[in-house]
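# Commentary on secondary and tertiary structure
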Amino acid sequence: MWILDRVRSPAPERVLAAATGVVAAAVVLGVGQFVAAFLDRAAGPLLAVGSAVVDHTPAPVREFAIDTFGTGDKTALIVGMCVVIAVLAAVAGLLERPRRPWGSVLFVAFGIVGVVAATTRAGAGVAWFLPTVVGVAAGVAVLRAGTGRLAAPRPPRVPGARTDRRTVLLGLTGAGAGAVLAGVVGTVLDHLLNDVGRDRSGFAVPPATRSLDPPGATGDAPAGFITPPSDFYRIDTALRPPQLTAERWSLRIHGMVDREVRVDMAMLRAMPAVEKTVTLTCVSNEVGGDLIGNARWIGYPLRDLLAMAGPSGDADMVLSTSDDGFTAGTPLQALTDDRGALLAVGMDGQPLPVEHGYPARMVVPGLYGYVSATKWVVSLEVTRFDRATAYWTQRGWAEKGPIKTGSRIDVPRSGDTVGRGRVTVAGVAWAQGRGINGVQIRVDDGPWQAATMLAPDMLDAWRLWRWTWDASPGDHTLTVRAFDGDGRQQSAIVAPPIPDGASGLHSVDVTVT
Ligand SMILES: Nc1nc2c(c(=O)[nH]1)N[C@H]1C(S)=C(S)[C@@H](COP(=O)(O)O)O[C@H]1N2
Ligand SMILES: [Mo]
């Protein structure tokens, strides 16, 4: 049994053979990263395959990943992939024989996966196969050279065998160092050549000529009303955010329109910019979760941009596409009615952070992000729900995603211990588009009691509330519920995020001493 050859070979050789496979895989990734720096970081084998994995992740697995790792889901994926690759590469090292190069075959097979993943990505260039091909060629060379030495004839033990182990070890150290160097140089080059950070620093956010917020509501906001960009949740399918300069960016408006238009930054700059406070919410946000954030967005009414193209009366959906291929399907109505849907270029007075869509993204009040908030948006296709399906709808989420009324207790936290007497209970409540009329708190199974609203209702932004609790010693559960602007009570029915958003009441358990 040839497969058992290596398993029967001396332990140090087995370890060296496995290590050769791992180092060879590192060479593939390092060299791939280096070559990708000259094309696009998304063309490298690791990111290309990672993105393909993201796109093919079933809905429940995605929910699990977001639940477990939150915004760190991408790091978790990359680390997980590296572990899997290392294991497979070790197996490839054990399998490789000079005349039965099964390890190399495995490498080439994964190379094909990498090439397919890279060349089928949205916006892939013709040369995107190169990083993987060059990387795999270098990796296979290392694999063959290393395992070839280990295949020195035995038994009988020849005196040279030990020397060969040392040669292999030295060679592996060199190849490993080379792989790391290629990866590091590739990453640095990529930053120098492709990073959009400098472009962003030079981007002048247009001054807002008017506010779309309800009149009288834009006074001094209480602390915590605006989510600092560093705390703002980030959810997207991009392992590395697209690097689009303001100059290179443009937005094509096409499909069922009278005339196709292409909007660029210069055209936007000639239009009056507006400002609006909108709370974004992710459909994956669990009851009590933090996949929600509030910002003051600056941008241009999507209604005006769409009007330039003249949408057909038969259309009912706009399929927006990101530079990286993500799509969202938004009711045309939501982009043309009075709610103030924006093509945003600024967030809290700054250019959009790169992870939040620089240079331009959509912000549509009242709809979950997956059906509306396309970042790095480059195309708006006016179409119909019976003709087009967007990214998450293809993966099991609902076609339409209006945000459900929700509320959250932020202080105290579950598990906190507080002193008896006056305890401040505070949090947020939201019902974008309808606004929040009131919030009530209940201690254990007691009566519902009205909380105080900290600022006037802004309709599309969350409302901060506070309630003072006269706490008695013991273990207690605090529960919150909100009433929207139509007086409708937040649903207490417990539902998971899939397919159209979680519901249920948030509660925290606290100990009073
Ligand atoms: N290009 C792109 N835009 C996207 C997404 C994405 O995966 N890719 N995710 C959407 C989802 S699901 C949400 S909840 C919001 C999150 O926006 P944020 O990361 O700025 O908070 O972006 C939306 N826009
Ligand atoms: Mo989301």
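Every residue gets a number counted from 1 within its own chain, in the order that chain's sequence is written. A letter from A marks each chain and a number from 1 marks each ligand, given out in the order of writing. In keeping with the predicted nature of the model, local features appear solely for residues at pLDDT of at least 70, side-chain atom pairs appear and are counted solely at 80 or more, and the whole-chain, interface and lining totals rest on all residues. In computing side-chain values, all of the structure's heavy atoms are included and hydrogens and water are not.

A separate point is the pattern of salt bridges. Whenever a carboxyl oxygen of Asp or Glu lies within 4 Å of a side-chain nitrogen of Lys or Arg, that contact is scored as a salt bridge. For the coordinates displayed, the defined rule picks out 21 salt bridges. A salt bridge links Asp 236 to Lys 375; the shortest N-O distance between them is 2.8 Å. Here Asp 236 is found in the loop between β1 (208-211) and β2 (250-255), whereas its partner Lys 375 is found in the loop between β10 (361-363) and β11 (377-383), with 139 residues between them in sequence. Take Asp 236: its relative accessible area is 15%, and that puts it in the buried class. Each residue is placed in one exposure class: buried if its accessible area under a 1.4 Å probe, protein chains only, is under 20% of its type's maximum, exposed if it is over 50%, and partly exposed if it falls in between. Taking relative accessible area as the criterion, Lys 375 reaches 8% and is therefore assigned buried. For Arg 434, the salt bridge is made with Asp 484, and the minimal N-O distance between the two is 3.0 Å. In this pair, Arg 434 sits in the loop between β14 (421-430) and β15 (436-443) while Asp 484 sits in strand β19 (residues 474-484), placing the two residues 50 residues apart along the sequence. Judged by its relative accessible area of 24%, Arg 434 falls in the partly exposed class. Numbering of helices and strands runs from the N terminus, with a helix taken as a DSSP run of H or I at least four residues long and a strand as a DSSP run of E at least two residues long.

All right, on to the pairing of strand β7 (residues 327-331) then. Extensive coverage of β7 is indicated by the burial of 5 of its 5 residues. Covered by surrounding structure in β7 are Thr 327, Gly 329 and Pro 331 together with Ala 328 and Thr 330, the residues of both alternating faces. Strand pairing is assigned whenever DSSP detects at least two bridges linking the two strands. Where strand β6 (residues 317-322) and β7 come together, 5 bridges link them in antiparallel fashion. Opposite Val 318, over in β7, you have Thr 330 as the bridge partner. As consecutive antiparallel partners, β6 and β7 are separated by 4 residues, and within that stretch Gly 325 has a phi angle of approximately 95 degrees, a positive value.

On to the sheet that holds strand β3 (residues 261-264). Sheet strands pair by backbone hydrogen bonding; their relative direction is either parallel or antiparallel. A sheet is described by the order of its strands in space; here 5 strands give the open sequence β3-β2-β11-β6-β7, paired in mixed fashion. In this open sheet, the two strands that pair with only one neighbour each are β3 and β7. Geometrically, the sheet is characterised by an average inter-axis angle of 20 degrees between neighbouring strands, direction not taken into account. In terms of strand pairing, β6 meets β11 through 6 bridges, oriented antiparallel. Along β11, the bridge assignment pairs Thr 321 with Ser 379. Note on method: axes are straight lines fitted to C-alpha atoms, helices fitted across the in-contact stretch only, with angles between N-to-C directions ranging 0 to 180 degrees.

A word on the domain arrangement of the protein chain. Its domain assignment divides the protein chain into domain 1 (2-194), domain 2 (208-395) and domain 3 (406-512). Placing the centre of domain 1 and that of domain 3 at their C-alpha centroids yields a distance of 50 Å. Boundaries of every domain are those given by an automatic assignment or by a domain database.

Turning our eyes to something else, we now look at the sheet that holds strand β18 (residues 463-471). Strand order in the open sheet made by the 4 strands is β12-β14-β18-β17, with antiparallel pairing throughout. The sheet is open, and its two borders are formed by β12 (406-411) and β17 (452-453), each paired with just one other strand. Direction of pairing for β14 relative to β18: antiparallel, over a ladder of 9 bridges. Opposite Arg 422, over in β18, you have Asp 470 as the bridge partner.

Moving on: the UniProt feature "transmembrane region" (unreviewed entry) in the protein chain. UniProt feature "transmembrane region" (unreviewed entry): in the numbering of this structure it lies at residues 15-39, 76-95, 102-120, 126-146 and 167-189. Along residues 15-39 one finds 88% helix and 0% strand; the C-alpha atoms at either end are 36 Å apart. As annotated, residues 167-189 has a helix share of 100% and a strand share of 0%, and its two end C-alpha atoms lie 32 Å apart. UniProt positions are given in the numbering used here, feature names are shortened, and annotations may be inferred rather than shown by experiment.

Further remarks concern unusual backbone geometry. With an omega of -10 degrees, the peptide bond running from Val 411 to Pro 412 counts as cis. Residue placement: Pro 412 occurs in the loop between β12 and β13 (417-418). Of the consecutive residues Ile 498 and Pro 499, the connecting peptide bond is found in the cis state with omega at 5 degrees. Mapped onto the elements of the fold, Pro 499 is located in the loop between β19 and β20 (507-512).

Another point: the site of ligand 1. Being near a molecule or strand, for a residue, means having at least one of its heavy atoms within 4 Å of it. Taken together, the neighbourhood of ligand 1 is formed by 19 residues, with Tyr 233, Thr 237, His 356, Arg 361 and Lys 375 sitting nearest. Any N or O atom pair separated by 3.5 Å or less is treated as a polar contact, with the protein-specific requirement of one donor-capable and one acceptor-capable atom, and with residues adjacent in sequence counted only for side-chain atom pairs. Between ligand 1 and Ser 322, the relevant distance is 3.1 Å, taken from a nitrogen atom to a side-chain nitrogen or oxygen of the residue. Take His 356: an N or O atom from its side chain is 2.6 Å from an oxygen atom of ligand 1. Taken by itself ligand 1 offers 530 Å² of open surface, and the protein chains cover 100% of this. Residues are sorted three ways: Asp, Glu, Lys and Arg are charged, Ala, Val, Leu, Ile, Met, Phe, Trp, Tyr, Cys and Pro are nonpolar, and all the rest, Gly among them, are polar. Tallied by class, the residues present in the shell around ligand 1 amount to 9 nonpolar, 5 polar and 5 charged. Computed by Shrake-Rupley with a 1.4 Å probe, the accessible areas treat only the displayed protein chains as cover when residues are assessed.

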